[in-house]
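Summary of the model geometry
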Amino acid sequence: MRHVSDPEPPLPPAPGADDHLALEFANTAIALPGGQYVDLLGSPAAVNRWLTARNLAPENADVQEMCATQLRALREHVRSLFAARIAGAPALPAALDAVNDALTRVPTAALLRWDDKTGPYRATPCPTNEILEHALATISASAADLLTSAEAETLTACESTPCNRYLIRHGRRHWCSTRCGDRVRAARAYARRTANPS
Ligand SMILES: [Zn+2]
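Cut-offs applied
- Residues numbered from 1 in each chain as written.
- Predicted model: local features only at pLDDT ≥ 70, side-chain atom pairs only at ≥ 80, totals over all residues.
- Heavy atoms only, no water.
- Helix = DSSP H or I, 4+ residues; strand = E, 2+ residues; numbered from the N terminus.
- Buried < 20%, exposed > 50% of the residue type's maximum accessible area, 1.4 Å probe, protein only.
- Contact = heavy atoms within 4.5 Å.
- Areas by Shrake-Rupley, 256 points an atom, 1.4 Å probe, with all protein chains shown as cover.
- Lys, Arg positive; Asp, Glu negative; His and termini not counted.
- Charge placed at Lys NZ, Arg CZ, Asp CG, Glu CD.
- Donors = N, O, S within 2.8 Å, 3.2 Å for Na, K, Ca; no water.
- Tetrahedral: all angles 85-135°; square planar, octahedral: opposite > 155°, others 65-115°.
- Phe/Tyr/Trp six-rings, centres within 6.5 Å; stacked < 30°, edge-to-face > 60°.
- Axes fitted to C-alpha atoms, helices over the stretch in contact; angles between N-to-C directions.
- Parallel < 35°, antiparallel > 145°, perpendicular 65-115°, else oblique.
- Left-handed = near helix turned anticlockwise from the far one by under 90°.
- Nonpolar A, V, L, I, M, F, W, Y, C, P; charged D, E, K, R; others polar.

Each helix and strand counted, the chain has six helices and six strands in total. For the chain, the N- to C-terminal ordering of α and β elements is α-β-β-α-α-α-β-β-α-β-β-α. Overall size of the chain, expressed as C-alpha extent along the three principal axes, is 90 × 40 × 25 Å. The buried share of the chain, reckoned over its 198 residues, is 40%. Restricting the contact set of the chain to residue pairs at least 6 apart, pairs at least 24 apart contribute 54%. Accessible area for the chain stands at about 11500 Å²; split by element, carbon and sulfur atoms hold 56% of it. Charged side chains in the chain number 21 positive and 21 negative. The centres of these two groups are separated by 10 Å.

Here is the structure:
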C-alpha cells in the first residue's frame, strides 16, 4: 500500500536494483529532465515506509528526521563508492569509513539508570536507533557485496542526462529505463537533424 504523501517512483526499478538493495537505495534520489528532483527518502515517514517495504523496520518505527538524515548521508557515500568503482578511481576515505562504521556498529548496550523513587533499572536504547543501525548495516553490507562481486564490472551510471541512477548493465544497454533510452535516441536523432539540416 502506498501512502498518498509518498512520491511516486518516477521510473521503474533500474536493471539490477531488484537483486541489490544497495543499488535500489542509491537510486532513491532521482534527477529528472527539467530540473526535477525526486527524493524517495525525503521525509521521516517516507523513510519509514521505504524501510518497512524492505523488512528493515516495523511500520510503527516512528523514524525521526535525525535518522532520515543519517540514511540520506549513507546514500551519498554509497553513491560516491559506486561512482569511484565505475570510474576506476580511488574511493573517498570518508565514504569508506561511513560504510565500514555502519557494518561494524553494534547495538548499544542497555545502560544502567537510577530512578529516585524506584531505584536502579536497565534502559534499552531507543528502538529507533537499533532499527536504524540494523538498516544502515544491512544496506552497507549489500553495497560491500556488490562492489566486490563479479557484477561490479557491469555496474554503470545511466548515460541519459540528467539521470543519476545506477544500474547493472546487460549487453550494451547503458541506461536505466526505456524512458531514459528513448531520450538518448531522441537527442541523437535531433543532433543528426541539426547537423544535416537538408
Ligand atoms: Zn536513467
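Protein-derived coordination of the zinc ion comes from Cys158 (SG), Cys163 (SG), Cys176 (SG) and Cys180 (SG), at a distance range of 2.3 to 2.4 Å. Its four donor atoms give the zinc ion angles of 104 to 119° at the centre, a pattern that matches the tetrahedral case. Positions of the donor residues of the zinc ion along the chain correspond to the pattern C-x4-C-x12-C-x3-C. Placement of the pair is Cys158 in the loop between β5 (155-157) and β6 (166-168) and Cys176 in the loop between β6 and α6 (178-195), with a sequence separation of 18 residues. Grouping residues by exposure puts Cys158 and Cys176 together as buried.

Time to look at the packing of aromatic side chains. Evaluated as defined, the whole model comprises two aromatic pairs. Both rings, one in Phe25 and one in Trp50, keep their centres 5.8 Å apart while their planes meet at 55°; by these two values the pair is tilted. One end of the pair, Phe25, is in helix α1 (residues 21-26); the other, Trp50, is in helix α2 (residues 44-53), with 25 residues separating them in the sequence. The exposure class assigned to Phe25 is buried, which follows from its relative accessible area of 0%. With 5.5 Å between their ring centres and 85° between their planes, Phe82 and Tyr166 make a pair best called edge-to-face. Of this pair, Phe82 sits in helix α3 (residues 65-87) while Tyr166 sits in strand β6, and the two are 84 residues apart along the sequence.

We now examine the packing of α3 against helix α4 (residues 93-104). Put simply, α3 and α4 touch, their axes get as near as 9 Å, and they point 120° apart. In terms of orientation, α3 lies oblique with respect to α4. When the axes of α3 and α4 are compared, the crossing they make is left-handed. Of the residues in α4, those in contact with Leu74, His77, Val78, Ser80 and Leu81 of α3 are Ala94, Ala95, Leu96, Ala98 and Val99. Of the residues belonging to the contact of α3 with α4, the class tally is eight nonpolar, two polar and no charged.

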